[in-house]
Amino acid sequence: MMRLAVRTLRHRKSGFIATFIAVVFGTAIVMACGGLMETGIRSNVEPQRLAGASLVVTGKQSHFRPGVEDATPLTERVGVPVDLLAKIRSAQGVSSAVGDYTFTAIGTSVAEGHNWSSASLAPYHLSAGRAPRSGEVVVSTGKPGEQLTLLINGEPKTFTVSGIAPQASSHAFFSDHDAAQLVRNPVRFADVGVLVAPGTDISAVKDRLEEVDGNLAVRAGVDRGLAEHPDAESHRTALIAIAGSFGGIAVMTMMFVVASTLALAAQHREREFALLRGIGTTPGQVRRMILGEALMVALPAVVLGCLPGIFLGRFLFDQLSAHGVASPVIEFSQGWIPFAAGAGAAVLAAIGAGLIAARKSAKIKPVEALVEASLQRKWFSWIRLLFGLLFLGGGMALLIVTATVMSGPLAASTAGPSILCWAIGVAVLGPFWTKAVLGFWRWPVQALTRVNGRLAIRNLSARSVALSAAAMPVMLAVGISTANLYMQTTQVHASSEAFTRDLRADAVLVSDAGLSPTLLSQVRSAPGVASASAFVRSMGAVDEPRNAPFDEDGAPVIGVDAQGANGTAPVRLTSGSLVGLTGATAAVPEYMASKTGHGVGSEITMTLGDGTTVKLRVVATFAAERGYETIILPASLVAAHTTDGLTKQILVRAAPGADVRPGLAKLAAAHPGVQVADRSTLVASNVEDLQTQAWINYMLVGMLIAYTAVSVVNTLVSTTLRRRREFALQRLTGSTRFQVLRMLTTESTLVTLIGVTLGTAVALACLLPFSAKVSNDALPTGPIWIYLVVVGAAALLTFGSTLIPATTALRHSPTQPTYSD
């Protein structure tokens, strides 16, 4: 049977091209996702500034809340308490330990400042000059004796260049005394570099250092680079989640596409299988032949798909890095595991698809050789019904959970998987849904197209399974793309609405280098300014009360200054006042206060972004959209527990009828690095993470759409070319080539309408409950052109994949042998 399978492939190459292409693309996508997954798991960051340290001690970047199993990630640098340096140095096996202060210092070719003693951890060497003293600095370029002005803590400070260290690109080194004065939190080192005596067991020293304090993390080898770039570790979970979710969707899509192409190829060969059965071939032999054909197509396709998979994985990682999803300092890794995952998934998909295709073909009766194979009458089976109902039931269950349990952005966690459940459920029962939708569209199409419409409808009605095979890829492309794209536009719009509904600032001062503490008082004195407040963002964790409405990712924290009723805080108070928002105080969402009983006058316990635990007295409650709750704290408290300790935004509210921009522009001109922006800057900053997530979804969904488009083209081209006998018969009975093409145009219209209708229904089954929970509006939010582009692309693929091969086939005379099977 294997020899017969080889001969079949030699003489029926066109029938297996669709499967070959599907496996190539599927292997490449799964392999690329495997590379992203491996990169996220490894998170290799080559150490640079700490390369000379044997071990690097940092703070643990996670926090376990009481009664919660999963750790909450800490988004700010935790650091190492200065008083632990002596204990670290005294640990057995440690020859020396150096604490590193890290702070923002913006200037020509400079972005970060450190204490000079930490330069030995690189190690950096002076090529000219000497070590810095008070008022001096070592940089990578320039000449000793020059004056250098740097923006530190929002204020310009001038230093004398004492030495040049060429390797210290973008870093400036100050005397230890100056660094302790310039850093915003001098009681904590960013990290501590540990040198181990030669011949000492590093792993044993690492274990002893971890016992010094339970909140310390000790890094060795390539992990030392994560201490220099703590944001790389925070991106790690996101990269793994993206690779896992997209890889899973890609595998399921590949299995469906490969199964559909192989099933279609088997369907076109039913007469051949019937003849084989008629000459004595057993069902087992037919199964082995079909399975052998599938493997012989899949194996070379897997090998070919590995090559684009390498470049696709690197391309995706570069794009994720460029948009802030993955850290660009992480080394992209794609070892043998992604190769095995991509190849294994593709081969398993081919085997599964071959078994499914062989199941029916092996049972065909010899007498069926006298029946036209393309007029398949039996499409129903109990297995198909069972799996179809299971997936539709799963989609309905997720719809109910989304509509009744989830709230705000969390609704995406159930709405997203429901797309696949609905799409697969509809696809498995495709012939049923195709017949139902065809019954709806047949009358208007027939009324508009008349004779050609009647002929096309009769053709499609007699070929219900072939029609389903053509319409289901269109349904997948329309349903998955529409649902995912509008989920993102709806969520971004809802987040913007929730933030801007109570936003009362008319202008904002911004600076990446931080704003001077004296600038706030100057802004408040500017002409036309009614109120001004510092504005700081971070993340924290609510430890008490334990039933606060925040998930394991933590609670968003906003820092503002104490203010009255005319303040700029983007909240609508329901009780209490922000006048007393100073020291260890907080304002909490009204829903949290009513749910936990912690209203005005009560105390809550929070762990801030750098791991510091504080007890806070509640001074106010405010209305907040469910799923978009935040905690309001004093700006000085929040800023003191961020990585850089800086305030980068000041909100300004103008007096009625006043124009504050000229006065603010004058102040900004007097402070280097400060810019004046409008409220749209705040809105954009608020949805920055969602916009990034939306971009990721657009890119990944675009790849899936492209892959599904391959299935659409493969299916329709293969189906059209298999109908050459039918076209020849029509022409021999008097139809012209133009009439045949008109009939196919009508068929393509019906296929497009059926696929778009079912795809839209699948998308709405996901979008309606999601939109109702996210934005309190049943209809999704987003420009209509997105849907029109999706539908237009589906129509273009359908018409092109049908009419182009048909036009090529109709160029030949109907009596030529090319029309025979």
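Refer to the structure above for everything that follows.
What this report covers is the structure whose coordinates are included nearby.

Calculation rules
Residues numbered from 1 in each chain as written. Predicted model: local features only at pLDDT ≥ 70, side-chain atom pairs only at ≥ 80, totals over all residues. Heavy atoms only, no water. Helix = DSSP H or I, 4+ residues; strand = E, 2+ residues; numbered from the N terminus. Areas by Shrake-Rupley, 256 points an atom, 1.4 Å probe, with all protein chains shown as cover. Phe/Tyr/Trp six-rings, centres within 6.5 Å; stacked < 30°, edge-to-face > 60°. Lys NZ or Arg CZ within 6 Å of the ring centre and 35° of its normal. Pairing = 2+ DSSP bridges. Axes fitted to C-alpha atoms, helices over the stretch in contact; angles between N-to-C directions. Buried < 20%, exposed > 50% of the residue type's maximum accessible area, 1.4 Å probe, protein only. Polar contact = N/O pair within 3.5 Å; in protein donor to acceptor, adjacent residues only side chain to side chain. Contact = heavy atoms within 4.5 Å. Expected span 1.5 Å × (residues − 1). Patch = residues over 30% accessible without salt bridge, like charges linked within 9 Å, V, L, I, M, F, W, Y side chains within 5 Å. Salt bridge = Lys/Arg side-chain N within 4 Å of Asp/Glu carboxyl O. Lys, Arg positive; Asp, Glu negative; His and termini not counted. Charge placed at Lys NZ, Arg CZ, Asp CG, Glu CD. Parallel < 35°, antiparallel > 145°, perpendicular 65-115°, else oblique. Left-handed = near helix turned anticlockwise from the far one by under 90°. Nonpolar A, V, L, I, M, F, W, Y, C, P; charged D, E, K, R; others polar. Arc of directions from axis to C-beta. Core = buried A, V, L, I, M, F, W, Y, C linked by side-chain atoms within 4.5 Å.

## Some words on the overall build of the protein
Consideration 1: Along its length, the protein carries 24 helices and 25 strands.
Consideration 2: Of the roughly 34900 Å² of accessible surface on the protein, 61% is carried by carbon and sulfur atoms.

## Structural notes on the packing of aromatic side chains
Consideration 1: For the structure shown, the criterion picks out eight aromatic pairs.
Consideration 2: On the basis of an interplanar angle of 85° and a centroid distance of 5.9 Å, the ring pair of tryptophan 116 and phenylalanine 173 is categorised as edge-to-face. Of the two residues, tryptophan 116 sits in the loop between β7 (110-115) and β8 (128-129) while phenylalanine 173 sits in strand β12 (residues 170-174), which places them 57 residues apart along the sequence.
Consideration 3: Among the aromatic side chains, those forming a connected cluster through ring pairs are Phe103, Phe159 and Phe174.
Consideration 4: Cation over ring: arginine 442 sits above tryptophan 443, and NZ or CZ is 5.2 Å from the ring centre.

## With respect to the sheet that holds strand β14 (residues 191-196)
Consideration 1: Overall, antiparallel pairing links the four strands, which are arranged β5-β14-β1-β15 in an open sheet. The open sheet has two free edges, formed respectively by β5 (94-100) and β15 (216-220), since each of these has just one partner strand. Between one strand and the next, the sheet's axes are offset by a mean angle of 25°, whatever the strand orientation.
Consideration 2: Alignment of strand β1 (residues 55-59) against β14, held across three bridges, turns out to be antiparallel. Counted as the bridge partner of valine 56 is glycine 193 from β14.

## Quick look at the side chain of threonine 482
Consideration 1: Note on placement: threonine 482 falls in helix α15 (residues 464-500).
Consideration 2: With relative accessibility at 5%, the residue threonine 482 sits in the buried group.
Consideration 3: Side-chain polar atoms of threonine 482 contact the backbone oxygen of valine 478, separated by 2.7 Å.
Consideration 4: Contacts of threonine 482, omitting those with residues within four sequence positions, involve Ala763, Leu767, Tyr787 and Val790.

## What about helix α11 (residues 382-404)?
Each α-helix turn comprises 3.6 residues. Residues three or four places apart therefore point the same way.
Consideration 1: Counted at 1.5 Å a residue, the expected span for α11 with its 23 residues is 33 Å, and the 32 Å between its end C-alpha atoms agrees.
Consideration 2: Along α11, the residues that are buried comprise Gly388, Leu392, Gly395 and Thr402.
Consideration 3: Here the buried face of α11 lies against α12 (412-428), α13 (430-449) and α23 (737-775).

## Considering a negative patch on the surface
Consideration 1: On the surface, a cluster of negative charge is contributed by Glu69, Asp70, Glu552 and Asp553.
Consideration 2: For aspartate 70, a relative accessible area of 48% corresponds to the partly exposed category.

## Let's talk about the packing of α11 against α23
Consideration 1: Where α11 meets α23, the closest approach of the two axes is 8 Å, and the angle between their N-to-C directions is 15°. As judged from the angle between their axes, α11 and α23 are roughly parallel. Along this stretch, α11 crosses α23, giving a crossing that reads as left-handed. Where α11 approaches α23, its residues Leu399, Thr402, Ala403 and Thr404 are matched on the opposing element by Ala765, Pro769, Phe770 and Lys773.
Consideration 2: Its residues assigned to classes, the contact of α11 with α23 shows five nonpolar, two polar and one charged.

## As for the pattern of salt bridges
Consideration 1: One pass over the structure, following the stated rule, counts nine salt bridges.
Consideration 2: Here aspartate 100 makes a salt bridge to arginine 49, at a shortest N to O gap of 2.8 Å. Within this pair, whereas aspartate 100 is found in strand β5, its partner arginine 49 is found in the loop between α2 (13-42) and β1, the two being separated by 51 residues in sequence. Across the pair, arginine 49 and aspartate 100 agree in class, each one buried.
Consideration 3: Linking arginine 314 and aspartate 318 is a salt bridge whose minimum nitrogen-to-oxygen distance equals 3.8 Å. Taken together, the residues span about one helical turn, with arginine 314 and aspartate 318 both in helix α9 (residues 283-322) at a distance of four residues.

## A closer look at a nonpolar patch on the surface
Consideration 1: Taken together, Ile383, Leu386, Phe387 and Leu390 make up a surface patch of nonpolar side chains, about 390 Å² in accessible area.
Consideration 2: With respect to the element layout, phenylalanine 387 can be found in helix α11.
Consideration 3: Judged by relative accessible area, which is 42%, phenylalanine 387 ranks as partly exposed.

## Structural notes on helix α16 (residues 517-524)
Consideration 1: The complete set of buried residues in α16 reads Leu519, Leu520 and Val523. What you see down the axis of α16 is that its buried residues fit within an arc of 105°, all on one side.
Consideration 2: For α16, the secondary structure elements touched by its buried residues are β16 (507-510), β17 (529-544), β24 (649-654) and α19 (661-669).

## What about unusual backbone geometry?
Consideration 1: Along the chain, alanine 122 connects to proline 123 via a cis peptide bond; the corresponding omega equals -10°.
Consideration 2: Topologically, proline 123 is positioned in the loop between β7 and β8.
Consideration 3: A cis amide bond links glutamate 544 to the next residue, proline 545, at an omega of 5°.
Consideration 4: One can find proline 545 in the loop between β17 and β18 (555-560).
Consideration 5: Within the chain, asparagine 153 stands out as a residue other than glycine whose phi angle is a positive 55°.
Consideration 6: Within the element layout of this structure, asparagine 153 appears in the loop between β10 (147-152) and β11 (155-164).

## Comments concerning the packing of α13 against α23
Consideration 1: Taken N-terminus to C-terminus, the directions of α13 and α23 make an angle of 135°; their axes are 9 Å apart at the nearest point. Between α13 and α23, the crossing angle belongs to the class labelled oblique. For the crossing formed where α13 meets α23, the hand is right-handed. Judged by residue contacts, Trp433, Thr434, Val437, Leu438, Trp441, Val445 and Thr449 of α13 engage Thr746, Leu750, Leu753, Ile754, Thr757 and Leu758 from α23.
Consideration 2: Here the contact of α13 with α23 is built from residues that sort into nine nonpolar, four polar and no charged.

## Some thoughts on the side chain of serine 418
Consideration 1: With respect to the helices and strands, serine 418 occurs in helix α12.
Consideration 2: Overall, serine 418 belongs to the buried group, its relative accessible area being 2%.
Consideration 3: Polar contacts involving the side chain of serine 418 include one to the main-chain carbonyl oxygen of alanine 415, which spans 2.5 Å.
Consideration 4: Ignoring anything within four residues of it in the chain, the contact list for serine 418 reads Gly395, Leu398 and Cys766.

## What about the nonpolar core?
Consideration 1: The biggest cluster of nonpolar side chains holds 49 residues, and the ones touching the most others in it are Val426, Met472, Met475, Met487, Ile754 and Leu758.
Consideration 2: Mapped onto this core, the elements with two or more residues apiece are α12, α13, α14 (451-462), α15, α21 (688-721), α23 and α24 (784-809).
Consideration 3: Considering every element that reaches this core, the biggest residue donor is α15, with 15 residues.
Consideration 4: Residues contacting methionine 475, with those up to four places away along its chain left out, are Ala423, Val426, Ala427, Gly755, Leu758, Gly759 and Val762.
Consideration 5: By size, the runner-up hydrophobic cluster in this structure holds 42 residues, among which are Met254, Val302, Ala349 and Tyr707.

## Re the environment of isoleucine 632
Consideration 1: Along the chain, the position of isoleucine 632 falls in strand β23 (residues 631-634).
Consideration 2: Expressed as a C-alpha distance, the spacing of isoleucine 632 and aspartate 561, which sit 71 residues apart in the sequence, is 9.8 Å.
Consideration 3: Residues in contact with isoleucine 632, not counting those within four places in the same chain, are Ile558, Val560, Val571, Leu581, Thr585, Ala586, Ala587 and Phe622.

## Some remarks on the environment of asparagine 547
Consideration 1: Counting through the fold element by element, asparagine 547 comes out in the loop between β17 and β18.
Consideration 2: Owing to a relative accessible area of 37%, asparagine 547 belongs among the partly exposed residues under this scheme.
Consideration 3: The sequence separation of asparagine 547 and methionine 592 amounts to 45 residues, and the corresponding C-alpha distance is 8.5 Å.
Consideration 4: For asparagine 547, the residues in contact, after removing those within four places along its chain, are Lys595 and Thr596.

## Considerations on the environment of glutamate 747
Consideration 1: Locating glutamate 747 in the fold gives a position in helix α23.
Consideration 2: For glutamate 747, a relative accessible area of 4% gives the class buried.
Consideration 3: Between the alpha carbons of glutamate 747 and asparagine 459 there is a distance of 8.4 Å; along the sequence they are 288 residues apart.

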